[in-house]
Amino acid sequence: MMESMLLEDLHQNPHRLSACGKIILFNCKRASATNDNERSELLFCSFSFKREQNAFLKAADGAAVISKKKSRHADVVKCKCAVDVQKRFTAPYVLVTKKSEKAESFQYSLLSLSSSNRLEPCIGFKLPYEMKENVSILQGPTVLWSHAGSVFYTSLQAGEVRQIPFQLSHCVFGELPLPKGQVFVLGLQNLSEKCSDNQSTSQTLGYFVESGHMFDGSMFLPHPYICITRCILVLSADEVESVLKSAVVAATSARQLVYFENGIVKDTCQVPFEQPEDIQMVNTGRNGVIFVISFQQGHVCAIWKETFQIASQWSGVSSVHVDDFLGCGTDQMLLVFKDQGEPGQPLEKFIITDLCGISYSRGQDSGAVNASPPPPENYLLTLRALESRLQSGLTVLQELQREVRVKERVLQQSVRALTDVVSERETILTQHEQEGLIALWDCDDESKDDALDDKLQDMAAVSSKPQVDKLWHRIAEDRMVVGVILTTDGSVPVASVSLSILTETGQSSTPAVIQTQSQVFWLPALSPSSSSSSSSVSSASMFPEPAAKRSKQHNAGRPNDLNTCRLAVTAVTRLTPLLNSGCVKCRVMLHYVQRRDAFALVSNPTPAVLHCGQVTLDIHSDFQTQLLKNPKLKTDEVKEDLLSLLTVLDRWVFHIDTPDHSLGDIDGWIQKRVGCKRIEVSPQYLLLNSSGPSALMLLHWHQITPFQGELSVHSSQLPMLQFLDSLLAYLPASSSVQSVKGR
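A brief look at the structure comes next.

The rules behind these values
Residues numbered from 1 in each chain as written. Predicted model: local features only at pLDDT ≥ 70, side-chain atom pairs only at ≥ 80, totals over all residues. Heavy atoms only, no water. Helix = DSSP H or I, 4+ residues; strand = E, 2+ residues; numbered from the N terminus. Buried < 20%, exposed > 50% of the residue type's maximum accessible area, 1.4 Å probe, protein only. Contact = heavy atoms within 4.5 Å. Areas by Shrake-Rupley, 256 points an atom, 1.4 Å probe, with all protein chains shown as cover. Pairing = 2+ DSSP bridges. Axes fitted to C-alpha atoms, helices over the stretch in contact; angles between N-to-C directions. Phe/Tyr/Trp six-rings, centres within 6.5 Å; stacked < 30°, edge-to-face > 60°. Salt bridge = Lys/Arg side-chain N within 4 Å of Asp/Glu carboxyl O. Core = buried A, V, L, I, M, F, W, Y, C linked by side-chain atoms within 4.5 Å.

What to know about the overall build of the protein
Alright, step 1. Tallying secondary structure elements over the protein gives 8 helices and 43 strands in all.
Alright, step 2. Expressed as a percentage of the 743 residues in the protein, the buried residues total 43%.
Alright, step 3. Long-range contacts, defined as pairs at least 24 residues apart, comprise 53% of the intrachain contacts of the protein with a sequence gap of at least 6.
Alright, step 4. With an accessible surface of roughly 38900 Å², the protein has 50% of that area assigned to carbon and sulfur atoms.

Observations concerning the sheet that holds strand β20 (residues 264-270)
Alright, step 1. Spatial ordering of the open sheet is given by β17-β18-β19-β20, a layout of 4 strands whose pairing is antiparallel. Edge positions in the sheet fall to β17 (229-240) and β20, since each has one partner strand and no second. Here the average twist between neighbouring strands, direction ignored, is 15°.

Things to note about the pairing of strand β7 (residues 106-113)
Alright, step 1. Burial within β7 is extensive, with 6 of its 8 residues counted as buried.
Alright, step 2. Across 7 bridges, the pairing between strand β6 (residues 89-100) and β7 is antiparallel. Among the inter-strand pairings, Val 96 is bridged to a residue of β7, identified as Ser 109.
Alright, step 3. Once β7 ends, the chain turns through 5 residues before running back antiparallel as strand β8 (residues 119-127), passing Asn 117 with a positive phi of about 60°.

Some remarks on the packing of aromatic side chains
One pair of aromatic rings is described through two measures. These are the centre distance and the angle between the planes.
Alright, step 1. In the structure shown here, the tally under the stated rule is 20 aromatic pairs.
Alright, step 2. Seen from their ring centres, Tyr 129 and Phe 152 are 6.3 Å apart, and the 50° between their planes marks the pair as tilted. Of this pair, Tyr 129 sits in the loop between β8 and β9 (133-138) while Phe 152 sits in strand β11 (residues 150-155), and the two are 23 residues apart along the sequence. Each member of the pair, Tyr 129 as well as Phe 152, is classed as buried.

A look at the pattern of salt bridges
Between side chains of opposite charge, pairing is possible as soon as their charged atoms come close.
Alright, step 1. Enumeration according to the criterion identifies 8 salt bridges in this entry.
Alright, step 2. With a shortest N-O distance of 2.9 Å, Lys 58 and Asp 61 are connected by a salt bridge.
Alright, step 3. One salt bridge in this structure joins Glu 348 and Arg 362, with 3.7 Å as the shortest N-O distance. In this pair, Glu 348 is assigned in the loop between β26 (332-337) and β27 (350-353) and Arg 362 in strand β28 (residues 359-362), connecting sequence segments 14 residues apart.
Alright, step 4. Residue classification places Arg 362 among the partly exposed residues on the basis of a relative accessible area of 28%.
Alright, step 5. Residues joined in a network through salt bridges with shared partners are Lys 470, Arg 474, Glu 640 and Asp 641.

What about the nonpolar core?
Alright, step 1. Residues Met 480, Leu 499, Leu 578, Val 588, Leu 590 and Leu 617 are the most contacted members of the largest nonpolar core, which totals 26 residues.
Alright, step 2. The leading source of residues in this core is strand β36 (residues 583-595), at 5 residues.
Alright, step 3. Excluding residues that lie within four positions of it along the chain, Leu 590 makes contacts with Pro 466, Leu 486, Val 497, Ser 498, Leu 499, Ala 608, Val 609, Leu 610 and Cys 612.
Alright, step 4. Of all hydrophobic cores here, the second largest spans 23 residues; its members include Phe 521, Leu 523, Ala 568 and Val 572.

Printed below as a string of structure tokens:
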């Protein structure tokens, strides 16, 4: 009974907003209290869409007392989702007014709806007049409104009601996208009171609310468009060489949607309705972006961003909302229509669509008026993606079929050989048929000799020393990195490999051992068709050692044997003990453990030391080098720079999970950051270079599922925290970031 009464109260003139894939309804009502007085309550109820029932079902509800005085009347002014800049997430906000019966004073309260479905007070202020003009709730949260030709605002940071210190005519409110996150006002400032209609006596002025800075508003909108603009949406705003670069769409009273770049008109679209109120953006994923414009009198129009053509239009709409109502990782539009029918059923007539194949409707025809298909470019992109996946699947299928044929041929040859042995016939195989086969037993003295030779070769390979291919060193701020490229076999456990540095300054005959910290990295084995400059790098701590395979036709002593592997061993040390003279010579020693028998159940490790070579440290020349100066090159020097940075920089691994939304293109977002470059010798790594070695950052993104991923960050602590702060602003509000490991 109480539930039906609550829904009936919300049905009467409700205020709606969408948050986290749900639709939330707000309304105020008067309720009888126990002391025979009347109190005003703010009611809310959230609904989530269920595909099986094709309906919105109640998820949560609640109420909060706004006023306990009978003489006070409460009402909802506006509700909207906005970004809390302190907590860095989006929350639903509702602005409520309490006015006296004589309308002498108006008390306003901004409340937020928490994730635990509790209404919490956020901002409170009192005005001698009622808000009626241009009321907006923007990020901060910040409340802006116009009154008597002036613009007022209040926010958590301001703590009070403030007035913009100059008069603006035809003002429009907006906000910059994150991470800048600033609320601004655009308008015309009159320079001459005698001729206010003359364009030459007024200028386009912009004002950032929180900072109080003024700017040239023509960088967003040209002067002639200020007077006719009703609402704007800032797509991007960046400062490049002290010049503001922006992309803006604006809906005008001239029945146009206009696209501006840096204050210059780039495209226009004639819309079929007048008096626009709001612009929202729908990101449909691969199918592109749609602008949704809401008009007075219940009209809605959708326009493709790519072609700037009308996609669809509707009438009789009570409200339109953009969110991921289906939980599929992309946005959809929810159009709630007027005349909802039975009281207590506030969402009986609606349409959920993205105009790209998703369409759910209830009590309303889902066919839109003059609907146009998505742009042809979107179909082409989808077709290319499907062709790529089909080609990849076909390649995998062909490889599997090839393996099946090889296995069938080997089985047939083995059966024929066994049959010949039982029948005491000699088996004759061609050279092609003998490839890849290993004898099950030896039948004559020659085969025994071959087996003995193989055993001696294996023992020789096991007892062989690692081969030093190259030795290098790098200087990174106050540390030196020494690295060695090795070719070794399975007899050397990776966990046992390390480097030590011995100095010879020429002033003492006894070398000094310098304290170092070693790391081991896997390098792919060289092939005749590939060079070392094109190889990638992977950390031994991240990838397990591949299992070695033995084959009769391979010699374990050859560099390209399947038993051999290539390692990069690095050691880092402080420069302070080395700077005793202008030129220091250092010996580099490799420490490892050698197994005597690689195939014994219990191995007997033997410690061994190998002299790798000598490096010369010159303080007059080595400190001038810059690591990864040109990451686009595929050279050994770039690979050594990368290994040196992986050794010097601290490493953190974060697990990112978004249960309600897909992660999106994290790798693409990282690449769009200023100074980001992909390292060609190891494409899985991205380099962020600000200024100085301490500001270098290496990033490795691994997408596990559409909702989960793992991010490896190699940098010092402060740049890592700054990067995480900007990443959290990009991720959905429901995302969780957990630190897996760090050093």
